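# A structural walkthrough
What follows is the residue order along each chain.
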Amino acid sequence: MKHFTCVQDVEDVEALVQKALTLKASPWKYEQLGRHKTLVLLFFNPSLRTRLSSQKAGQQLGLSVITMDASSGWKLEFEDHITMNTDKAEHIKEAAAVISGYADLIGIRSFPALSDKAEDYQDRVINSFRKYASVPVISLESAIRHPLQSLADLMTITEHQKTARPKVVLSWAPHPKLLPQAVANSFAEWLLRSNAELVITHPKGYELDPAFTQGTTIEYDQKEAFSNADFIYVKNWSSVHPYGQQLPVQEDWRIDGPKMNISSKAQFMHCLPIRRNVVATDKVLDSPRALHLKQAKNRTFAAQAVFAALLE
Amino acid sequence: MKHFTCVQDVEDVEALVQKALTLKASPWKYEQLGRHKTLVLLFFNPSLRTRLSSQKAGQQLGLSVITMDASSGWKLEFEDHITMNTDKAEHIKEAAAVISGYADLIGIRSFPALSDKAEDYQDRVINSFRKYASVPVISLESAIRHPLQSLADLMTITEHQKTARPKVVLSWAPHPKLLPQAVANSFAEWLLRSNAELVITHPKGYELDPAFTQGTTIEYDQKEAFSNADFIYVKNWSSVHPYGQQLPVQEDWRIDGPKMNISSKAQFMHCLPIRRNVVATDKVLDSPRALHLKQAKNRTFAAQAVFAALLE
Amino acid sequence: MKHFTCVQDVEDVEALVQKALTLKASPWKYEQLGRHKTLVLLFFNPSLRTRLSSQKAGQQLGLSVITMDASSGWKLEFEDHITMNTDKAEHIKEAAAVISGYADLIGIRSFPALSDKAEDYQDRVINSFRKYASVPVISLESAIRHPLQSLADLMTITEHQKTARPKVVLSWAPHPKLLPQAVANSFAEWLLRSNAELVITHPKGYELDPAFTQGTTIEYDQKEAFSNADFIYVKNWSSVHPYGQQLPVQEDWRIDGPKMNISSKAQFMHCLPIRRNVVATDKVLDSPRALHLKQAKNRTFAAQAVFAALLE
């Protein structure tokens, strides 16, 4: 593995999940692996879980970890051959090369603007670092993907699945704010590399980009989709066409007790943060069938597995 | 000790002071204690002394320390059973549980809004973390208490006292800004657990909440209060009734040389930051009888004693 | 060496350059030197390269590193004997003494306001910390100097020089923003302590303060200056008289291929960040004769040499 910004970077997804589970069992087993090496985590957007879990993952591998907030004051130019006389202080060519001079691994977080699909789906920040850095680049969530989340999700499914081929439903849910498609996109492309059966359910109009869903069954009836589900993975996203909007939705897509009871074996998943009683009810979140806190905890070991694979 | 958010958490105050003094003598003696454990410091409000001293304390115990500024962009919901469709992105239940998944100890700083006493005196941020975290929670100053400061203050008094039962005067002083009562509240409740004699002096109307002062003598004449004092602990606070205000004060409550000379043995204390020539004169602060820098230095060992006690 | 805020602090510049080159060859050789010691890095202004390289340098010496952003919310008072009833929350006397209680080394970054030369050229922030701290103070760039940059620059020249006395040209270049003179000032005073021949070229009116240039040859014709150059060090600065302004410049001072070819042996240097095609063309920056990324990388070892010298 040279970089970790999408599932295509991973040769053997199942082996990476197993590596993460091994690290969960013995978090400090490889604390010599990162000795005398530096992990730089660069946040162009805010982060809680990713920031804490990535720092912890780095420390458990013995890495020196340097975290930097680049959300204000460091505007990068991504266009080639431009005369830089505006507000962009540094070109990505220099930025990526300079940080590569200080880091053995670089983690980057960057969100989409949600105003222009073509622009966002180029995933320019992460791809430019990938292009110009001379060390491995890890996505800490980009404009269109969140692969460390998906790896943690797959770990959690692996830990809690009761059949060899569980039915996993990715369900859209309401949210008061406009959110990216990154988590849903990654979840789809990672699940399609697993043994699970993936079904996607969302209101008409909320179709994800087919580059990520690759022909996955879409069931527009949420209750129908939940039938026989082993895992219900809930997430809001804004529409792809038209891009970055909230569309009128008639039905109630919130997850509540009766919906969870359509399949009595179904376990609830969410990447967090979650809006209680908007996305899912208190009853769902406070039930033993909710795995959202276990997913969050697994973020540490997902990151650790990735850093370890890139260091090896 | 399960948590450290108020003096009531401490079974033996004197023993904790002695532990801090022992660590001051050998700061790295217990550097294996925190090995493979993580301290997360979460700042909902700015911090200088607390931030530096807590990080240093953690490092001296061998802890991995992760510091996070949560002052902007991470708005927590504290109400139960609410529909989270406003600006609050995450519920304290998830926030505290998730961080507990990454941390062995969680330090939290949070200030009061000073507009509603009932609201502030619930001390909701720190108490909610205490309720929902599954690991020990340490107050790095809350809406109504600053116990790490009080512990450092008591260490400093112990180091500099010349009699078994020193007279300690907590004196209000002027300040251009509205300040919380947290430092004064904690100082009172900690001193009442010590061998010292506590006297409080302030202008009429600046009475602290009796839950903290528990019937302590109030002497409204500052000069009278200073008579025979061993320590003069100076601090501004805004009024409790009416809440969070600056009341008209006729007399000059600033600490100057002549006031310090009312008791020639008196030593000056302040928790910092201090407004020179508003709270106390240059002459007082630059005199060898001023202990404020020693208090600041003791913050490291106070924090270290608390972290060590919670890890043991 | 007691502090490191200007070249005058360094007894033997050549020896310090050699020490940095030795550390570059074996970065972890002295990782016991900083054991049980703490480096506090305090940023009153933003930083990328300095922040990353100083943290890395500290970690490679085994120091505990605490980085603190003081750019907002911590306004210091520098005037003596003032009544502090404005927006300044803490006096430098307390601030420097308190941080000295937590740190074995203190790094400080602070920029000029560029509105009053007399004010900026006092270099008050760094000099006040120097005065009131009880531990060594390191400039991470001050209002008028950037000595860690100059040390890295001199390392880079040493590594790439082909003659015992290379001709080094410091050339002004255009920039859309008003920039300090700090990098140019330091570069001049450090080069004057080296074996190199220094020539300065800039448009008329952009003369640097003679306290830094000490009679160095100024050649107003840029192309003439570049004749036979071994190194061309490019940097924009705002004018000194009148202070902090952009003056009208007729000629094109940007560095391009033909200018670099005036001396076929000339190597290009810049401290970064650089505005492509404003300061220098893509062709210059993407050529093998450009050393700017090597300079950035050397920042780590320059900082490490300074920290090591101050610890010894």
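Computed from a predicted structure; not experimentally measured.

Moving on to the interface of chain A and chain B. Counting residues at the interface gives 28 residues for chain A and 30 residues for chain B. Three residues stand out in chain A for area buried against chain B, namely A:L52, A:R275 and A:R276, and they jointly supply 25% of the buried area on that side. On the surface where chain A and chain B come into contact, there are four salt bridges. For A:E31, the salt bridge goes to B:R35, with nearest N and O atoms at 3.7 Å. For the side of chain A that touches chain B, the class distribution of residues is eleven nonpolar, seven polar and ten charged.

Before going further, it helps to spend a moment on the packing of helix α3 (residues 92-102) of chain A against helix α2 (residues 49-60) of chain C. As a packed pair, α3(A) and α2(C) sit with axes 10 Å apart at the nearest point and diverge in direction by 15°. With respect to their mutual orientation, α3(A) and α2(C) come out roughly parallel. Every pair of crossing elements has a handedness; the one defined by α3(A) and α2(C) is right-handed. Residue-level inspection shows A:V98, A:I99 and A:Y102 of α3(A) in contact with α2(C), the latter providing C:R49, C:L52, C:S53 and C:K56. The residue makeup of the contact of α3(A) with α2(C), split by class, is four nonpolar, one polar and two charged.

Time to look at the relation of the copies chain C and chain B. Laying chain C over chain B is done by rotating through 120° and shifting 0.0 Å along the axis; what remains is an RMSD of 0.0 Å. The operation mapping one copy onto its partner corresponds to a three-fold rotation axis.

Right, let's talk about the packing of aromatic side chains for a bit. Aromatic ring pairs: the centre-centre distance and the angle between the two ring planes describe each pair. For the coordinates displayed, the defined rule picks out 24 aromatic pairs over all chains. Measuring from ring centre to ring centre gives 4.5 Å for A:W172 and A:Y206, while their planes differ by 40°; the resulting arrangement is tilted. With A:W172 in strand β7 (residues 167-172) and A:Y206 in the loop between β8 (197-201) and α8 (210-213), this residue pair connects regions lying 34 residues apart in the sequence. Of the two residues examined, A:W172 and A:Y206, each falls in the buried class. With a centroid separation of 6.2 Å and 85° between ring planes, the pair formed by B:W172 and B:W253 is classed as edge-to-face. On the criterion of sequence distance, the pair formed by B:W172 in strand β7 (residues 167-172) and B:W253 in the loop between β10 (231-235) and α10 (257-260) is long-range, its members being 81 residues apart. Comparing B:W172 with B:W253 shows no difference in burial state: the two are buried. Residue placement shows B:K117 over the ring face of B:Y121; its charged tip is 4.6 Å from the ring centre.

The subject of this paragraph is the pattern of salt bridges. Evaluated as defined, the whole model comprises 51 salt bridges over all chains. Across the pair B:E90 and A:R49 runs a salt bridge whose closest N-O atoms are separated by 2.8 Å. Within this pair, whereas B:E90 is found in strand β4 (residues 90-91), its partner A:R49 is found in helix α2 (residues 49-60), the two belonging to separate chains. Accessibility assignment for this pair places B:E90 and A:R49 in one class, buried. A network of salt bridges, in which partner residues are shared, links A:K93, A:E94, C:R276, C:D282 and C:D286.

Attention now goes to the interface of chain C and chain B. Taken residue by residue, the interface counts 30 residues in chain C and 28 residues in chain B. Buried surface at the junction of chain C and chain B, both sides included, amounts to about 2500 Å², of which 57% is carbon and sulfur. It is C:H36, C:E94 and C:Y102 in chain C that bury the most area against chain B; as a group they hold 28% of the surface buried on that side. Between chain C and chain B we count four salt bridges in total. For the pair chain C and chain B, the number of links is 14 residue pairs in polar contact (both at pLDDT 80 or more).

Cut-offs and rules
- Throughout, a residue's number is its position along its own chain's written sequence, starting from 1.
- Written order determines the labels here, with chains lettered from A and ligands numbered from 1.
- Side-chain atom pairs in this predicted model are given and counted only at pLDDT of 80 or more, local residue features only at pLDDT of at least 70, and totals for whole chains, interfaces and linings cover all residues.
- Only hydrogens and water are removed before side-chain values are computed, so all heavy atoms of the structure are retained for them.
- Between two residues, a contact is recorded if the distance between any of their heavy atoms is within 4.5 Å.
- Two parts placed together each lose some accessible area; with a 1.4 Å probe, that loss summed over both constitutes the buried area.
- For this analysis, a salt bridge means a side-chain nitrogen from Lys or Arg found within 4 Å of a carboxyl oxygen belonging to Asp or Glu.
- When residue character is reported, Ala, Val, Leu, Ile, Met, Phe, Trp, Tyr, Cys and Pro are called nonpolar, Asp, Glu, Lys and Arg charged, and the others, Gly included, polar.
- All axes here are fitted lines through C-alpha atoms, helices being fitted over the stretch that makes contact, and every angle between N-to-C directions spans 0 to 180 degrees.
- Secondary structure counts use DSSP, requiring at least four H or I residues in a row for a helix and at least two E residues in a row for a strand, with both numbered from the N terminus.
- By definition in this entry, angles of less than 35 degrees are roughly parallel, angles greater than 145 are roughly antiparallel, angles of 65 to 115 are roughly perpendicular, and the rest are oblique.
- The handedness criterion is simple: a crossing whose near helix is rotated anticlockwise from the far helix by less than a right angle is left-handed, and one whose near helix is rotated clockwise is right-handed.
- The copies were overlaid with a least-squares fit restricted to C-alpha atoms from residues scoring a pLDDT of at least 70 in each copy.
- Only Phe, Tyr and Trp rings take part, Trp by its six-membered ring, and two of them pair if their centres are within 6.5 Å. Stacked means planes under 30 degrees apart, edge-to-face means over 60, and tilted covers everything else.
- Per-residue accessibility, obtained with a 1.4 Å probe over protein chains only, is compared with the maximum for each type, and a residue is labelled buried under 20%, exposed over 50%, and partly exposed between these values.
- The rule is short: NZ of Lys or CZ of Arg within 6 Å of the ring centre and within 35 degrees of the ring normal puts a charge over the ring.
- Counting of polar contacts relies on pairs of N or O atoms within 3.5 Å, with two restrictions inside protein: one atom must be capable of donating a hydrogen and the other of accepting it, and residues adjacent in sequence are counted only when both atoms are side-chain atoms.

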